[in-house]
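Structure at a glance
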Amino acid sequence: MEYSSKTVEREWQDYWLKNRSFEPSEDFTKEKKYILSMFPFPSGRLHMGHVRNYTLSDSFARYYRQQGFNVLHPIGFDSFGMPAENAAIKNGSHPKKWTYDNIDYMKSEFKSLGFSFSKERELATSDELYTKFEQGFIIDMFEKGLLYRKKGFLNWCPSCHTVLANEQVIDGGCWRCDTQITKKDMNQYYFKITQYGDELLSDLSKLEGGWPKQVLTMQENWIGKSNGLSFDLFFDEASKAKLDGKFDGFDVFTTRPDTIYGVSYAALAPEHPIISHLMENAGLDADAISEIKEMRSSSSIDRQKEKSGLALGLEVLHPLTGKKIPIWCANFVLMDYGSGAVMAVPAHDDRDFEFAKKYDLEICPVIKPFNGKLNSEIAFTEVGELFDSAEFSGMNSKEAQAKIIEHFEAEKIGKKTTNYKLKDWGVSRQRYWGAPIPFVHCHDCGLVMEKKENLPIALPEDIVITGEGNPLEKHPSWKHCKCPQCGEDATRETDTMDTFVESSWYFLRFCASPKNWEKEAFSKEQIEYWMGVDHYIGGIEHAILHLLYARFFTKVFRDLGYLEFDEPFDKLLTQGMVLKDGAKMSKSKGNTVDPDAIIEKYGADTARLFILFAAPPTQELEWNDSAVEGAFKFIKRFYDRSSNVYKCNTIPQIEHSSLSKEEKFARKKVYEALVRANDVYREKYTFNTMIAGVMEAMNALNTQNNSDVWSEGYWILSSIMEPVIPHVCWDISSRFFSLKNLTKQEIRDEVFMQDSIILGVSVNGKVRAEIEVALDTAQGEIVSLAKESVAKWLDGQTIVKEIVVPNRLVNLVVKG
RNA sequence: GCCGCUGUGGUGGAAUGGUAUACACGCUCGAUUCAAAAUCGAGUUCGAAAGAAUGUCGGUUCGAGUCCGACCAGCGGUACCA
């Protein structure tokens, strides 16, 4: 029969839909598997990265269904976000229409690829029902003090009139219009993720083994825990007077307390409150003020280009020596790390050194290498031996660090402190297409939460999107409301939430039974059954932000009483990128391959087979047209050779000992493929080797013509391949096996029994010959056969050692 | 700079410390065909051979692509984090 991908694929896609084949059961006594792909943004069309992602999760889902598990394999759309607004600006389409049109199209693509997603649990995060529950959680978090509002210096694009996230700033410019961004002091909502910093770090150990090491390391570095000493530097009397008595001193943090005797100046971030005070109270001249303003507004890229600063005319006293230390304002000091102020030890820190050289500040070395001499041309930043450090002189750095912290604590002038690079998560965006933050500003009551029964606070549809400013702010009526507390006139918050908020809990929403979707976000019972996600599959680009935020939400929900576990994703599989001509597929490079075109030409099964066969999932995948052709040929051959198979409702029973050598070999290859398949799904995820095993089995079946062996072979192979090329396999299975073989397959040990084995013979580790011996051959005889086979290499040599590795090889060690 | 990953035929890639190059692509030859496509079959690491080869150099071992150390190259993450 001629293979037609279109006929076969359409038939089975309709069958699956009609029979609700992929809906999870509500029977919670069954063993479950929760297989999840990272859901897509509805950009319009699927790209090959998506196809790779969903082919992987689909294979897992189908495999576990065959093994008898209750499988949840849902999909949705991460459908809020800037691109919908950008499309509106460009084509005048409404963001909502643009988004939902794209979703409809992409759903049809899912169907044509044969992905076994649950239809009934499909959702989009821009659905009002989703917004409703999300706003409820935001209110919960605000009540718990995990969401707060404060002023911060944010990235601002002067041309687009909007705040930009850090990741939307590219080389110091706006990602859309290239304008140099500036910093603007604005109100912003923040999640207090730092409160969970320690747990987010320590729980990484629970993920070891299940998550790639690389991702764990990236998260660890991102959280960036460091231990050290924090202490106050106090102003002298003259400086206090200059500051109108408002400040006694300021706090600094160091990870190198062992260098404390080398402190020769201290520096404040341009945004530091002491500097603001000086600027506002005539403590600085006009030139200095404009210089500081310049530092404050320059982008972080600019600030990294060259160190600059200015002396403030203030002095503090060294906490141990009492020596006077000058205070500078320096652009390399960051306000949002530590306390925004540092002690500077130019002799032992590269940055402090560079700054001291530029402004001709004192450099006092206090640590020298254990062996060798100090080089005064550079900072010595490694550990070493202390000198000129009072009673700590002569100690090594490590010892001195502990002792100096002890000393500070005993004298009550400082304490051991831990700092994190992790910052609180700024979540407000001055944008239309996002979930509104459910708060109200009331003249009398201040910032007030919306009442839960009024949720969702939905977006208005009659808006004008120009790309300038926040459309919600400009809408004539939307923001005007009554205060939920006092009932007086008030205004709604017009900021919307970062889209990372939606993706931080969607995996929980999928656990909810759709029949209760209106009533609740999810129930505890459903969550406890389905979570954690057994296999979470997606791109490495989400290694930090999305996965960190989802972990954070899980812990918050636990503390709110919604669930009872600590981590959402048991196993994480990060797929590699899809490349063409050695570069990532992208529209701008013009090297994309459209999935629809591949399906049209070869069918979904070919696309799926190629993607899984061409490389292991974690590696980059190089697109190759002729290899796609090869995958297509295999499917055609697989379909065609089914003419050797007869109809049966149970697996054919075969008397193994009665078979010919070729027939035995074919059976062995078939069952080897089965063993490998189980290995791959449960542990190794190297689908390419599983498929290679099936190809070997096919090649072996081809060398014989026993119809029992063919039929048994197809019974097994079409079961193994069903998760990869489902349409063809369902077709074969229905024609010959009444779909009875798409289940767990038993391994038959008898096919692995052999009468003889082939051993390699090596001399000094170099393989020189092969011998075939009967299974029960005694070791002595094996050795003498081996010697015979390599006589040529033993000539004139003395054998000093004989090593026999059972079933593998014989190694003879000789000396000549 | 720091952290991580990857280096195997012409190409994608196989190989629990035990016969390197499975499987596939490509290429070559042959069958089929009036011819081509499709299909089927054979061959294909390099080298005429001895022999050599898993980025380079060392080490551990009877035996190393695999383990250890140093380096080189490519890719990715991150970065004035005190």
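Please read these numbers as outputs of a predicted model, since none were measured by experiment.

1. Remarks on the overall build of chain A
For chain A, the count of helices and strands is 26 helices and 34 strands. Along the first, second and third principal axes, the C-alpha set of chain A runs to 105 × 85 × 50 Å. Put simply, of all contacts in chain A between residues at least 6 apart along the chain, 72% involve residues at least 24 apart. Taking the 99 positively charged and 119 negatively charged side chains of chain A as two groups, their mean positions are separated by 3 Å.

2. Looking at the sheet that holds strand β27 (residues 572-575)
Pairing in this open sheet of 4 strands is parallel, and the strands run β2-β1-β26-β27 from one edge to the other. For this open sheet the edge positions go to β2 (70-72) and β27, each flanked by a neighbour on one side alone. Ignoring which end each strand starts from, the neighbouring axes of this sheet average 15° apart. Of the pairings in the sheet, the one linking strand β1 (residues 32-37) to β2 comprises 3 bridges and is parallel in character. Bridging from a neighbouring strand, K33 pairs with V71 of β2. Those strands touched by helix α2 (residues 48-66) are β1, β2, β26 (535-539) and β27, and its axis lies near 175° from that of β1.

3. Considering empty space enclosed by the protein
Taken as a whole and assessed by the stated rule, the structure comprises 2 cavities of 30 Å³ or more. Empty space within the largest cavity amounts to approximately 120 Å³. If you trace the largest cavity, you find it lined by F80, K96, S126, E128, T131, Y432, W433, P436, A458, L459 and E461. In terms of residue class, the lining of the largest cavity is made up of 6 nonpolar, 2 polar and 3 charged. Each pocket or cavity is described by its volume, and for the second largest cavity that value is around 40 Å³. In terms of lining, the second largest cavity is formed by K669, E672, A673, R676, G693 and E696. Those elements that provide at least two residues to the lining of the second largest cavity are α21 (661-684) and α22 (687-701). Among the elements that make up the lining of the second largest cavity, the one with the highest residue count is α21 (4 residues). Its residues assigned to classes, the lining of the second largest cavity comprises 1 nonpolar, 1 polar and 4 charged.

4. Thoughts on a negative patch on the surface
Taken together, the side chains of D285, D287, E291 and E294 define an acidic patch exposed on the protein surface. With respect to the helices, strands and loops of the structure, E294 is situated in helix α10 (residues 286-297). Using a relative accessible area of 55% as the deciding quantity, one classes E294 as exposed.

5. Some words on the pairing of strand β24 (residues 489-492)
Relative to β24, strand β21 (residues 439-442) is paired through 3 bridges, and the arrangement is antiparallel. Counterpart to V440 in the pairing with β24 is R492. In this sheet, β24 lies alongside strand β23 (residues 480-482) in antiparallel orientation, the contact comprising 3 bridges. Following the sheet pairing, H480 is matched in β24 by T491.

6. Quick notes on the side chain of D495
Looking at the element boundaries, D495 is found in the loop between β24 and β25 (496-497). No salt bridge is formed by the buried D495. Its closest oppositely charged neighbour is R149, at 6.0 Å. The residues contacting D495, other than those within four sequence positions of it, are S428, R429, Q430, P436, I437 and N470.

7. Concerning the sheet that holds β23
Here we have 4 strands laid out as an open sheet, ordered β22-β21-β24-β23, and antiparallel in their pairing. Pairing within the sheet leaves two strands with one partner each, and these edge strands are β22 (446-449) and β23. Strand-to-strand, the axes of this sheet are offset by a mean angle of 45°, without reference to chain direction. Sheet topology note: the β21/β22 ladder contains 4 bridges and is antiparallel. Directly across from H441, in β22, lies its bridge partner L447. Along the sheet, helix α5 (residues 128-143) contacts β21 and β22; its crossing angle with β22, the most-contacted strand, is approximately 130°.

8. Details of the packing of α22 against helix α23 (residues 707-721)
Contact geometry for α22 and α23: axes closest at 11 Å, N-to-C directions at 165°. When the interaxial angle is binned, α22 and α23 end up roughly antiparallel. Regarding α22 and α23, the two cross each other, and that crossing is left-handed. Contact residues: M690, I691, V694, A697, M698 and L701 in α22; V709, W710, G713, Y714, L717, I720 and M721 in α23. Of the residues assigned to the contact of α22 with α23, the class counts are 12 nonpolar, 1 polar and no charged.

9. Considering the protein's contact with RNA strand B
Close contacts around RNA strand B come from 50 residues, with T255, R303, Q304, K307 and R351 the closest. The share of sugar and phosphate among atoms of RNA strand B within 4 Å of the protein is 65%. One nitrogen or oxygen atom from the side chain of T254 is found 3.1 Å from a sugar or linking oxygen belonging to RNA strand B. Measuring from a sugar or linking oxygen of RNA strand B, one finds a side-chain N or O atom of S626 at 2.9 Å. Sorting the residues of the surface near RNA strand B by element identifies α7 (213-223), β11 (249-254), α11 (300-305), α20 (625-640), α22, β32 (766-774), β33 (798-805) and β34 (809-815) as the ones contributing at least two each. When grouped by side-chain class, the residues that make up the surface near RNA strand B number 20 nonpolar, 16 polar and 14 charged.

10. Looking at the domain arrangement of chain A
It is common to give the size of an interface as the accessible area lost on bringing the parts into contact. As assigned here, chain A comprises domain 1 (30-125 + 500-584), domain 2 (139-192 + 424-497), domain 3 (226-419) and domain 4 (754-815). Between the C-alpha centres of domain 1 and domain 3 the distance comes to 47 Å.

11. Digging into the packing of α20 against α23
Across the interface, α20 lies against α23 with an axial gap of 12 Å and an inter-helix angle of 145°. Every pair of crossing elements has a handedness; the one defined by α20 and α23 is left-handed. The residues of α23 that touch α20, namely those facing F634, R637 and F638, are Y714, L717, S718 and M721.

12. A word on unusual backbone geometry
Cis geometry marks the peptide bond from L455 to P456, where omega comes out at 0°. Within the secondary structure, P456 is located in the loop between β22 and α14 (471-474). Note that the residue after M531, namely G532, is joined by a cis bond; omega there is -10°. As for its position among the elements, G532 is in the loop between α16 (524-530) and β26. Even without being glycine, K412 reaches a positive phi, approximately 55°. With respect to the helices and strands, K412 occurs in the loop between α13 (397-410) and β18 (414-419).

13. Digging into helix α9 (residues 273-280)
In terms of burial, α9 is a largely internal element, 6 of the 8 residues being buried. Of all the positions in α9, only I274, I275, S276, H277, L278 and M279 are classed as buried. Once α9 ends, the next one or two residues include A282, with phi positive near 60°.

14. Some thoughts on the environment of W98
Of note, W98 is situated in helix α4 (residues 95-112). Once residues within four sequence positions are removed from consideration, W98 is found in contact with F41, P42, S43, P83, A84, A87 and S93.

Definitions and cut-offs
Residues numbered from 1 in each chain as written. Chains lettered and ligands numbered in written order. Predicted model: local features only at pLDDT ≥ 70, side-chain atom pairs only at ≥ 80, totals over all residues. Heavy atoms only, no water. Helix = DSSP H or I, 4+ residues; strand = E, 2+ residues; numbered from the N terminus. Contact = heavy atoms within 4.5 Å. Lys, Arg positive; Asp, Glu negative; His and termini not counted. Charge placed at Lys NZ, Arg CZ, Asp CG, Glu CD. Pairing = 2+ DSSP bridges. Axes fitted to C-alpha atoms, helices over the stretch in contact; angles between N-to-C directions. 1 Å grid on protein atoms, 1.4 Å probe; cavity = no way out; pocket = protein on both sides within 12 Å on 5 of 7 lines; lining within 4 Å. Points joined across faces, edges and corners; volume = space filled by probe spheres on them. Nonpolar A, V, L, I, M, F, W, Y, C, P; charged D, E, K, R; others polar. Patch = residues over 30% accessible without salt bridge, like charges linked within 9 Å, V, L, I, M, F, W, Y side chains within 5 Å. Areas by Shrake-Rupley, 256 points an atom, 1.4 Å probe, with all protein chains shown as cover. Salt bridge = Lys/Arg side-chain N within 4 Å of Asp/Glu carboxyl O. Buried < 20%, exposed > 50% of the residue type's maximum accessible area, 1.4 Å probe, protein only. Parallel < 35°, antiparallel > 145°, perpendicular 65-115°, else oblique. Left-handed = near helix turned anticlockwise from the far one by under 90°. Near = heavy atom within 4 Å. Polar contact = N/O pair within 3.5 Å; in protein donor to acceptor, adjacent residues only side chain to side chain. Domains from an automatic or database assignment.

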